[in-house]
Amino acid sequence: MAAASLQPTTRPIESARLTDSHGRVIHDLRVSITDRCNYKCVYCRTGEAGPQYPELKIEEYLLLIEQFVKLGITKVRLTGGEPLLRRGLIEMVRELARLRTLDGEPLDLALTTNGHLLDSLAAPLKGAGLNRVTVSMDAVDEAVFERITRVPGSFKAVLAGVRAARAAGLTPLKINCVLLRGFNDDQVEGFARFAREEDVVVRFIEFMPLEEDRLWSPEIVVPLNEIVGRLNGDLQLVPMPAREASETARRYTFADGRGEIGIIAPVSQAFCGACSRVRLTSDGKIRTCLFSQVEHDLYGRLRAGESAENLRAYIVRTVRGKEARHHIGESGFLKPSRSMVHIGG
Ligand code: SAM
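In this text the structure is predicted, and so the values were computed from the model without any measurement.

Chemist: Account for the side chain of K322, naming residues and giving values.
Modeler: Looking at the element boundaries, K322 is found in the loop between α9 (308-320) and α10 (340-343). In this structure the side chain of K322 is engaged in a polar contact, spanning 2.8 Å, whose partner is the backbone oxygen of T288. Excluding residues that lie within four positions of it along the chain, K322 makes contacts with D20, H22, R24, I26, C275, R277 and T288.

This is the structure:
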């Protein structure tokens, strides 16, 4: 046997793929590139609070993201705040599209947006190398939609954005809808029709206690079982198999195979055991869970002049300490210090 094969198989810490102490492989990075937003959705914002955290330079995000990619991240999702507000976004996507995973593949590059500015930006984003977008839409009825966003004209702008994204090939195009009892839970059936007519994947997301205000209560959450029951009454839902273990949505199609609906149920059927995510906030802090009580100052280390190797070692140590699960709905649950818009959804 050759001498080389007798060498210990342990590799330097930063060349291993990111895993946490619960055995989960972390391959999905969400990066907030601003906490500014042009919408004031009633379940997310107070309507009075503005941005609260600084933004990094685009090249600083790129440098930090590159360290994650060297540690095995394969999927990067840009978010905010509203990422389409960020100057330099197209160039940023172009640079990200040049990065390669540890297996030599391009990154899976996605972006989450409210869609307001997507009509003009969809084609340039696709041209720069973006693969997919998820558009947040909480109603298919124009008046209900604008009551939620508190921005006149927002429904038409977002609908144009959705259609432009589909035409540009940013597909499969997902629409995320947060349902709140008494606000927009009458939109469920309309969204099922919308999914079929607009050829988009609609995903209902249970409302989590991550708002700027204090609105959340278990009663306001519309749980997965209720959504499935309602859709089954109108159209016949057919469950679809999961594509990967870390898939967050339960997926369904309809009896005729046209259209797709997903339900993401972090409250009633938490999927923390399969979580593959880590987040970077607009000011360069690592958050290992949406509900983390602590943040880890990666950017502070960059500013202090730490080497790329030391930054990677810090990321590895931080991800090891990822929380096992969240505690929504349990006594003693603590809301995180940042709300969704300031973390990056
Ligand atoms: N501005 C972009 C957008 O609208 O998609 C990205 C940021 S936004 C905070 C990301 C997503 O988080 C949106 O789909 C929004 O509906 C969702 N969201 C905000 N607050 C939430 C909450 N408390 N529970 C569940 N989802 C929430």
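Chemist: Run through the pairing of strand β8 (residues 249-254), naming residues and quoting values.
Modeler: Counting buried positions along β8 gives 5 out of 6 residues, so the element sits mostly inside the fold. One ladder, built from 3 bridges, connects strand β7 (residues 237-239) with β8; its direction is antiparallel. Its bridge partner lying in β8, V238 is registered against T253. As paired strands, β8 and strand β9 (residues 260-264) are joined by 5 bridges and run antiparallel to one another. Pairing of A249 across the sheet is with I264, part of β9. Linking β8 to β9, which pair antiparallel, is a turn of 5 residues; within it G257 sits at a positive phi near 75 degrees.

Chemist: For the confidence of the model for the chain, give the residues involved together with the corresponding values.
Modeler: Across the chain, pLDDT averages 93, with 96% of residues at or above 70. In the model, residues 1-14 has pLDDT below 50 throughout and makes 9 contacts with residues more than four positions away in sequence or in other chains.

Cut-offs and rules
Residues numbered from 1 in each chain as written. Predicted model: local features only at pLDDT ≥ 70, side-chain atom pairs only at ≥ 80, totals over all residues. Heavy atoms only, no water. Helix = DSSP H or I, 4+ residues; strand = E, 2+ residues; numbered from the N terminus. Polar contact = N/O pair within 3.5 Å; in protein donor to acceptor, adjacent residues only side chain to side chain. Contact = heavy atoms within 4.5 Å. Buried < 20%, exposed > 50% of the residue type's maximum accessible area, 1.4 Å probe, protein only. Pairing = 2+ DSSP bridges. pLDDT = per-residue confidence, 0-100.

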